[in-house]
Every structure is written in structure tokens, then in C-alpha cells.
Amino acid sequence: MRFRKPKSVIRHIEDSMERAVDDLIKDINTNIKRQTPVRTGFARKQWRQTTPYTFGYSGTIIENRAPYIAILDRGSSQQAPDGIVQPVLTRIGKVRKKI
């Protein structure tokens, strides 16, 4: 791939970074949903990625508006005794280090 202008090189790098970070965020969101304990399914359905990642903007957020999600994340469920978010981040971190 040849670029004639430095700006096009920079834009190509930014686009590649955006795709990589957005893919990572989607992977985290998918795994957090899977890790969320289910009684009624409400907490699992509440996970959302609010915006796609854009280079230079740190506003990408994965959120859950279930009122009791913090209690589940502290390990109150036998289905996820170690919580939700930290085990997922640890697992994804180990997998990504191998890549």
C-alpha cells in the first residue's frame, strides 16, 4: 500500500486503530454479557456500548443500567462469584497478550 501524502498515512493509521479498539470493546461487551448471571435475563440485556470508538475521543462507554448490577459485579451470584467485569478483562487481557 503506497501513500503519497503524510496525512493519508496518518488517517490510515487512525482508521486502523479505531477498528482495532472498537473490535476490542465489542469483544469485551460480548463477554461481559455472557459472564452476567441470569435469573430473569434483565441484567444481561442491559449491557450497551454507547458509542463506537473514535480516535482521540475517550467517550466510549460500556454501561449497564440494571439497578442491581453493582451487587452482581461484586460477586453476589453463585453463577458469577468472582463478579462480572474483572474476570472478563483479565481473561481478554491474557488472550490478547498471546496475539
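It should be noted that the structure appears before, not after, this text.
Let me sum up the structure you'll find in this document. (Residues numbered from 1 in each chain as written. Predicted model: local features only at pLDDT ≥ 70, side-chain atom pairs only at ≥ 80, totals over all residues. Heavy atoms only, no water.)

1. Concerning the overall build of the protein
Applicable threshold: Secondary structure elements follow DSSP: runs of H or I no shorter than four residues count as helices, runs of E no shorter than two count as strands, and numbering proceeds from the N terminus. As defined in this context, the radius of gyration uses C-alpha atoms, and a globule is described by 2.2 Å times the residue total to the power 0.38. To sort residues, take the accessible area from a 1.4 Å probe on protein chains only and compare it with the maximum for the residue type: under 20% means buried, over 50% means exposed, and anything in between is partly exposed. For the area figures, the Shrake-Rupley method with a 1.4 Å probe applies, and any residue is considered shielded solely by the protein chains shown. Positive residues here are Lys and Arg, negative ones are Asp and Glu, while His and the chain termini are left out of the count. The location of each charge is read from NZ of Lys, CZ of Arg, CG of Asp or CD of Glu.
Counting its secondary structure elements, the protein contains 4 helices and 2 strands. Start at the N end of the protein and walk to the C end: the helices and strands fall as α-α-β-β-α-α. Its C-alpha atoms give the protein a radius of gyration of 17 Å, more than 25% over the compact-globule value 13 Å for 99 residues. Taking the principal axes of its C-alpha atoms as reference, the protein extends roughly 60 × 30 × 15 Å. Here the protein holds 99 residues, and the buried ones make up 30% of them. For the protein, the accessible area works out to roughly 7500 Å², and carbon and sulfur atoms hold 55% of it. In the protein, 20 side chains carry a positive charge and 9 a negative one; their mean positions are 3 Å apart.

2. Some remarks on the side chain of Gln 46
The condition that has to hold: It only takes one pair of heavy atoms within 4.5 Å for two residues to be counted as in contact.
With respect to the secondary-structure elements, Gln 46 resides in the loop between helix H2 (42-45) and strand S1 (47-49). Beyond its immediate chain neighbours, meaning those up to four positions away, Gln 46 contacts Glu 63, Asn 64, Arg 65 and Ala 66.

3. Here we look at the nonpolar core
One broad rule of soluble globular proteins: the nonpolar side chains tend to lie buried together. Note the following rule: The nonpolar core is taken to be a set of buried Ala, Val, Leu, Ile, Met, Phe, Trp, Tyr and Cys residues, with the residues joined through side-chain atoms within 4.5 Å.
Membership of the largest hydrophobic core is limited to 10 residues, which are Ile 28, Ile 32, Ala 43, Trp 47, Ala 66, Ile 69, Leu 72, Ile 84, Val 88 and Ile 92. Secondary-structure elements contributing two or more residues to this core are helix H1 (6-35), helix H3 (69-73) and helix H4 (85-98).

These figures capture arrangement, not role.
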